[in-house]
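# Residue-level structural notes
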Amino acid sequence: MTADGEICAVVLAAGEGTRLRPLTEHVPKALCPVGNVTLLDRALARVAGLDLTGPDTVAVNACYLGGQVVDRVGSRAHLSVEPGDPLGTAGGIGNLRDWIAGRGVLVGNADAYLADPHAAPGPDIAALLDGWDGETVRLLGQPAPDPREPGTFSGHRFVGFSLLPWQRVRDLPPTFGDLVRTVWRPAEAAGALEVVAFPGTFYDTGTPGDYLAANLHAAGEGNLIDPAATVTGHCERSVVGADAVVSGTVTRTVVWPGATVRPDERLHGVIRAADGLTVATGSW
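First things first, this report covers the structure right here in the doc. Counting of residues starts from 1 at the beginning of each chain's written sequence and follows it residue by residue. At least 70 in pLDDT is required for a residue's local features to be given in this predicted model, at least 80 for side-chain atom pairs to be given and counted, and no such filter applies to totals for whole chains, interfaces and linings, which use all residues. Hydrogen atoms and water are omitted, and side-chain values are computed over all heavy atoms in the structure.

## Examining the pairing of strand β6 (residues 104-109)
Among the 6 residues that make up β6, 5 are buried, leaving the element largely enclosed by the rest of the structure. In the sheet, strand β1 (residues 7-12) pairs with β6 via 6 bridges, with the strands oriented parallel. Across the sheet, the residue bridging to A9 is L106, located in β6. Here a strand pair is declared whenever DSSP counts at least two bridges between the two strands. Helix and strand assignments come from DSSP, with helices taken as H or I runs of at least 4 residues and strands as E runs of at least 2, each series counted from the N terminus. Of the pairings in the sheet, the one linking β6 to strand β9 (residues 156-164) comprises 4 bridges and is antiparallel in character. Bridging from a neighbouring strand, G108 pairs with F161 of β9. Each residue is placed in one exposure class: buried if its accessible area under a 1.4 Å probe, protein chains only, is under 20% of its type's maximum, exposed if it is over 50%, and partly exposed if it falls in between.

## Describing the side chain of D111
Take D111: it is sitting in the loop between β6 and β7 (113-115). Identification of polar contacts relies on pairs of N or O atoms within 3.5 Å, with a donor-acceptor requirement for protein atoms, meaning one able to donate a hydrogen and the other able to accept it, and with residues adjacent in sequence counted only if both atoms are side-chain atoms. Among the polar contacts made by the side chain of D111, one reaches the side chain of K29 at a distance of 2.7 Å. Apart from the residues lying within four places of it in its own chain, the contact partners of D111 are K29, L39, Y203, D204 and T205. Any two residues having at least one pair of non-hydrogen atoms within 4.5 Å are treated as being in contact.

## Some details on the nonpolar core
Joining through side-chain atoms within 4.5 Å is the link that ties buried Ala, Val, Leu, Ile, Met, Phe, Trp, Tyr and Cys residues into a set, and such a set is a nonpolar core. Of all hydrophobic cores here, the largest spans 32 residues; its most connected members are L40, L52, V60, L106, I125, L140 and F161. Mapped by element, the contributors of at least two residues to this core are β1, α1 (39-48), β4 (58-62), α2 (66-73) and β9. The greatest single-element share of this core, amounting to 4 residues, is contributed by α1. With residues near it in sequence (within four places) discarded, L106 still touches I7, C8, A9, V10, V47, L50, L52, I125, L128, F161, S162 and L163. Core analysis: the next-biggest nonpolar cluster, separate from the first, contains 23 residues, V10, I93, W184 and L193 among them.

## Things to note about the sheet that holds strand β12 (residues 224-225)
Strand order in this open sheet of 5 strands is β12-β15-β18-β21-β22, and the pairing throughout is mixed. The outermost strands of the open sheet, each flanked by one partner alone, are β12 and β22 (278-280). Bridging between strand β18 (residues 254-255) and strand β21 (residues 270-272) involves 2 bridges; their strand directions are parallel. Within β21, the residue paired with V255 across the bridge is R272.

## What to know about the environment of D146
Among the structural elements, D146 can be located in the loop between β8 (137-143) and β9. For D146, a relative accessible area of 30% gives the class partly exposed. Placed 10 residues apart in sequence, D146 and H156 show a C-alpha to C-alpha distance of 8.9 Å.

## As for unusual backbone geometry
A cis amide bond links R21 to the next residue, P22, at an omega of 10°. Phi at L65 takes a positive value of approximately 50°, unusual for a residue other than glycine. Positionally, L65 belongs in the loop between β4 and α2. Looking at L65, the relative accessible area reads 29%, which means it is partly exposed.

## Quick notes on the side chain of D41
With respect to the secondary-structure elements, D41 resides in helix α1. Taking relative accessible area as the criterion, D41 reaches 12% and is therefore assigned buried. Engagement of the side chain of D41 in a polar contact is seen with the side chain of R76, the distance being 2.8 Å. Excluding residues that lie within four positions of it along the chain, D41 makes contacts with R72 and R76.

Honestly, that's just the spatial picture; any functional story needs more than this.
Right, here's the structure in full:
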């Protein structure tokens with residue numbers, strides 16, 4: 001970390017989650033639960049694990065169904081509500097320039113599911129901050145199967161968190177743009193980008209298949225059933241949320257809070273939300 005320790009964190013939670021529709025028609029992607037904890041809460045817990053807490057140090061942007069995000073965050077972080085359409089990853093940071101105010105900024109995607117069996121959330125990405133010179137751009141990454149594939153950085157895929165110096169942030173406008181084109185690639189071209197390897201498991205949760213996979217990873221080899229759920233049926237390697245009722249059979253399935261599985265239903269490899277909505281994943 002820099003000598004003066006001036007680091008803040010921004011959790012990006014403004015996106016629509018179009019690939020997760022219809023799950024995200026009434027719930028923003030950042031509030032979709034993984035292992036019965038919303039993605040946003042997981043991201044806030046991760047930065048808190050780095051001693052980054054409170055509205056002076058942590059910000060969350062919101063746009064799509066932003067009122068739900070605002071309510072969920074409460075007083076835990078500074079809120080940046082974007083008018084109209086989401087501003088993208090770069091525009092969201094540009095809209096927070098006055099709040100960032102000269103600090104380095106740790107940027108995390110709310111939809112990134114990260115898990116390292118050897119380190120708690122926060123310490124698991126601490127290498128991103130360790131020894132930082134305050135000038136280079138750092139990305140958390142994992143080796144790509146093909147290091148030449150498009151979108152890679154030094155043969156790595158980006159896995160949800162980056163560290164940006166103030167000089168790369170201060171001129172970002174509060175208009176639509178993405179960090180890849182405005183910050184990361186220019187820094188790479190200047191020899192000022194570094195990839196820090198993440199040794200654990202990563203899912204971006206952007207598709208139903210990856211969202212299900214992240215939930216099953218969070219559940220481990222068994223079930224993850226909220227104490228407030230009612231299960232009289234059979235569950236196998238599934239996640240069941242608070243106030244859900246499972247009277248049928250669920251296998252490798254996510255049952256959202258408040259959802260119901262009837263006695264005559266047998267669900268496999270799907271996501272069951274409220275009002276009987278069932279989303280197939282095509283992966284399991």
